[in-house]
Amino acid sequence: MAAAAAPAAAGGQASGSAGLRGWLRSAYRFATDRNDFRRNLLVNLGLFAAGVWVARNLTDIDLMAPQPVP
Amino acid sequence: MGNVLGPAAPRAPRRGEPLGSPGSFDELHRQCKEVFPQQMEGVKLIINKTLSSHFQVTHTVHMSTLGPSSYRFNATFVGDRQLSPTEAFPTLVGDMDNSGSLNAQVLHLLAERLRIKAVFQTHQAKFVTWQFDGEYRGDDCTATLTLGNPDLLGESVILVAHFLQSITSRLVLGGEMVYHRRPGEEGAILTLAGKYTAQKWVATLNVGYGGAHASYYHRANEQVQVGVELEANTRLQDTTFAFGYQLNLPQANMVFRGEPGAAGATRQPWRWPDPHCAPHPTPAGLLDSNWSVGGVLEKKLPPLPVTLALGAFLNHWKNRFHCGFSVIVG
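The name given to chain B in an unreviewed UniProt entry is Translocase of outer mitochondrial membrane 40 like, with Calidris pygmaea as the source organism. Taken verbatim from the UniProt record of chain B, the Subcellular location (unreviewed entry) comment is "Mitochondrion outer membrane".

Named according to an unreviewed UniProt entry, chain A is Translocase of outer mitochondrial membrane 6 originating from Calidris pygmaea.

So this is what it looks like as structure tokens:
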């Protein structure tokens, strides 16, 4: 019984890692498929959020401030 | 000492905070769009001549590097009824190019809160667009009905209805319904819209069956303005993102045009709308998801009534570059 359980556990681990590999593979395909509308929407949503963050945090610049003295 | 347990003196009724008119539906994203530079190519000469307080003409010569060169003539007439520095009624605008294509608009104020607009566009001798708008502007709401290309004989029409309501002094909600009809087909699309205006930023969102359009405008200080835009079209299965900024340096004769007056400001003289010059001082920059970067630099050249504009745009993905400059006189 213990001898039968070991290959079953090894098979389960193999199928688990194959499942994880398969998930990673499909996630990579999704992230690199430029023709996928949902992927492009997610990427551009992220860019929009990053653009809003930049606008709110990095744009308070005084262009006419004097140059710093070295 | 008085009767501290007695009923308090009746208070004067509190006046509700005025909500303000939400403006037009087409102008929801205007502040963000004005930050982005307009693409320039070739050489353009624009001469504005004000003939009287009611009449202005503009000549535009465009030497293009991408297509045929052209000449455009624009005439603008404004009436006596002035509502704001940028609104006067009636307004008649006519624009014609060297091939005979015409673009004409008539705006008129029928009543205190009711205004109408008619737009005609022709491509040489053939009418391409004929459109009629009616707009009602209330104290805290705006309703618009547009009839696009009505054709009784062909039984086709495009009907657009807009409604905007100020919920608070900062929040505006509304919607748009577009109905189109042609022989054999008809359909309607509903879009919901919302706009939140804070002291230094404005966020706007349109969501509907056809897609979504989100924009964020931020005024960092007197010199820097930033705009971020996202558009998603479910019909074309396409999304785009754009980031633009604008730098304003009045000390260097880079003057911002088209800035709306504050509520309660003193009456300002009416200013001619410029049909050709983008109402933003330079420099302005752009970066978008189509791998395009670009910028436009505008500078006044005092004491001459001349403005020089330089622009360049590069599309990394398609390996295309074009630049141009324009001289605006008057």
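**Q** Quick question: what am I supposed to make of the nonpolar core here?
**A** Buried together is how nonpolar side chains tend to be arranged in soluble globular proteins. By size, the foremost hydrophobic cluster in this structure holds 13 residues, and its most contacted members are Phe48(A), Tyr216(B), Val224(B), Val226(B), Val228(B), Phe241(B) and Phe243(B). Elements with a contribution of two residues or more to this core: α2 (37-57) of chain A together with β13 (211-219), β14 (224-233) and β15 (238-247) of chain B. Top contributing element to this core by residue count: β14(B), with four residues. Those residues in contact with Val226(B) that lie beyond four places of it in its chain are Ala55(A), Thr59(A), Val35(B), Tyr216(B), Tyr217(B), His218(B), Phe243(B), Gly244(B) and Tyr245(B). Counting 11 residues, the second-largest nonpolar core is a separate cluster that includes Cys32(B), Phe36(B), Ala242(B) and Phe313(B).

**Q** Can you help me understand the interface of chain A and chain B in this one?
**A** A common way to state how big an interface is: give the accessible area lost once the parts meet. Taken together, the contact pairs 19 residues of chain A with 27 residues of chain B. Buried area between chain A and chain B, both sides added, is near 1900 Å², and the carbon and sulfur share of it is 72%. For the pair chain A and chain B, the interface holds zero salt bridges. Between chain A and chain B we count three residue pairs in polar contact (both at pLDDT 80 or more) in total. Among the residues forming the side of chain A that touches chain B, the class breakdown is 11 nonpolar, four polar and four charged.

**Q** Any chance you could explain the pattern of salt bridges here in plain terms?
**A** Any two side chains of opposite charge can pair if their charged atoms end up close together. Residues and elements named next belong to chain B. Using the criterion set out here, one finds 10 salt bridges over all chains in the structure. With its nearest N and O atoms 2.8 Å apart, the salt bridge here joins Glu229 to Lys33. Of the two residues, Glu229 is situated in strand β14 and Lys33 in helix α1 (residues 30-33); the sequence distance between them amounts to 196 residues. Owing to a relative accessible area of 9%, Glu229 belongs among the buried residues under this scheme. A network of salt bridges, in which partner residues are shared, links Glu87, Arg115, Glu135 and Arg137.

Conventions and cut-offs
- Residues numbered from 1 in each chain as written.
- Chains lettered and ligands numbered in written order.
- Predicted model: local features only at pLDDT ≥ 70, side-chain atom pairs only at ≥ 80, totals over all residues.
- Heavy atoms only, no water.
- UniProt positions renumbered as here; feature names shortened; annotations may be inferred.
- Core = buried A, V, L, I, M, F, W, Y, C linked by side-chain atoms within 4.5 Å.
- Buried < 20%, exposed > 50% of the residue type's maximum accessible area, 1.4 Å probe, protein only.
- Helix = DSSP H or I, 4+ residues; strand = E, 2+ residues; numbered from the N terminus.
- Contact = heavy atoms within 4.5 Å.
- Buried area = accessible area lost by both parts, 1.4 Å probe.
- Salt bridge = Lys/Arg side-chain N within 4 Å of Asp/Glu carboxyl O.
- Polar contact = N/O pair within 3.5 Å; in protein donor to acceptor, adjacent residues only side chain to side chain.
- Nonpolar A, V, L, I, M, F, W, Y, C, P; charged D, E, K, R; others polar.

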